[in-house]
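Next come the chains, spelled out residue by residue.
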Amino acid sequence: MNNQLDVIVKPVNLRFSFYNGEIYYLFGGSPEACLDQAELFMGVGPENRSGLLESNLGFLPVCSTVLIRGEKNVLVDPNNHHVGFYGMLGKALESYELSFEDIDFVVATHWHHDHSANLGLFSGELVIGKGELSFGREVYGNEDINAKTKNYNKVTEIDNLYELIEGVKVVYTPGHSPGSVSVLVDSADITTAIMGDSIMTKSEWYDDAAFSHWYTNEQIEGLKSAREKVKSFQPNVVIPGHDREFKV
């Protein structure tokens, strides 16, 4: 297989909070430092707040956006709103001599805005996991769903294994969200797993990982099952949703 894979927008995470009329930003040296560790540093957690969205601790994440060039062009997770709005996603594609119109398949690993906000910039075929549209509608409303899907010739919901092109498969890995998916890419002798937030950081790949304290027990069981499913394909490289790619 001659699939070429590139992380065209690399992830970074920021936390922010409001105090005395000002927004303060917090940046840590590792992805974990900007996730639960930042919350602990600022005294926020599920035990002392009713929910993350009421905690006065915001999360400004840039996820991993991956371009796969093979017999057709595939884009995985077109990232958050400001990456698209300020032209960064277009410039990332231009560096590979591509435009939005040149992308044949777009895969949204899940419907959270930091991964799906720019879906409306593309056409072709959109591939998502079964149940994820319902999840997105519940969280963001019908207008969000309509705006993101209106340009596509086809929207495909999968609940098993779905081959986009030779050597590129989408696998159903619910857990982080009800319809999360991952993408497996074969190129030469290397298999790469693009995990979305089924694996947010490198540490979550390992069996003794501590997942976020915001997850329910049901979600954690789903995440562990998703991880084992992807491990069964024996990937050589893993691309997490919010950390740099790493070799297994």
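Just above sits the structure.
A. Structural detail: the side chain of Thr201. Note on placement: Thr201 falls in the loop between strand S13 (190–196) and helix H7 (217–231). The exposure class of Thr201 is buried, given its relative accessible area of 1%. Those residues in contact with Thr201, other than ones at most four positions away along the chain, are Pro31, Glu32, Leu35, Pro240 and Asp243.

B. View of the state of the cysteines. Summed over all chains, the structure comprises zero disulfides. Take Cys34: it sits in no disulfide, and the sulfur closest to it among the cysteines is that of Cys63, at 15 Å. The exposure class assigned to Cys63 is buried, which follows from its relative accessible area of 0%.

C. Just the sheet that holds strand S3 (residues 22–26), in detail. Read from one edge to the other, the open sheet built from three strands follows the order S3-S2-S4, with strand pairing classed as antiparallel. Two strands in the sheet have a free side with no partner beyond their single neighbour: S3 and strand S4 (58–62). Here the average twist between neighbouring strands, direction ignored, is 25 degrees. In this structure, strand S2 (residues 12–19) lies alongside S4, joined through five bridges in antiparallel fashion. By the bridge assignment for S4, Asn13 is matched with Pro61.

D. Here's a closer look at the pairing of strand S5 (residues 65–69). Most of S5 is tucked away: four of the five residues are buried. Pairing analysis gives five bridges linking strand S1 (residues 4–9) to S5, with the strands arranged antiparallel. Note on S5: the bridge partner recorded for Val7 is Val66. Bridge analysis of S5 against strand S6 (residues 73–76) gives four bridges, and the strand direction is antiparallel. By the bridge assignment, Arg69 is partnered in S6 with Asn73. Counted between consecutive antiparallel strands, the loop separating S5 from S6 contains three residues.

Cut-offs used in this document
- Residues numbered from 1 in each chain as written.
- Predicted model: local features only at pLDDT ≥ 70, side-chain atom pairs only at ≥ 80, totals over all residues.
- Heavy atoms only, no water.
- Helix = DSSP H or I, 4+ residues; strand = E, 2+ residues; numbered from the N terminus.
- Buried < 20%, exposed > 50% of the residue type's maximum accessible area, 1.4 Å probe, protein only.
- Contact = heavy atoms within 4.5 Å.
- Disulfide = S-S within 2.5 Å.
- Pairing = 2+ DSSP bridges.
- Axes fitted to C-alpha atoms, helices over the stretch in contact; angles between N-to-C directions.

Spatial relationships are all this shows, so hold off on functional conclusions.
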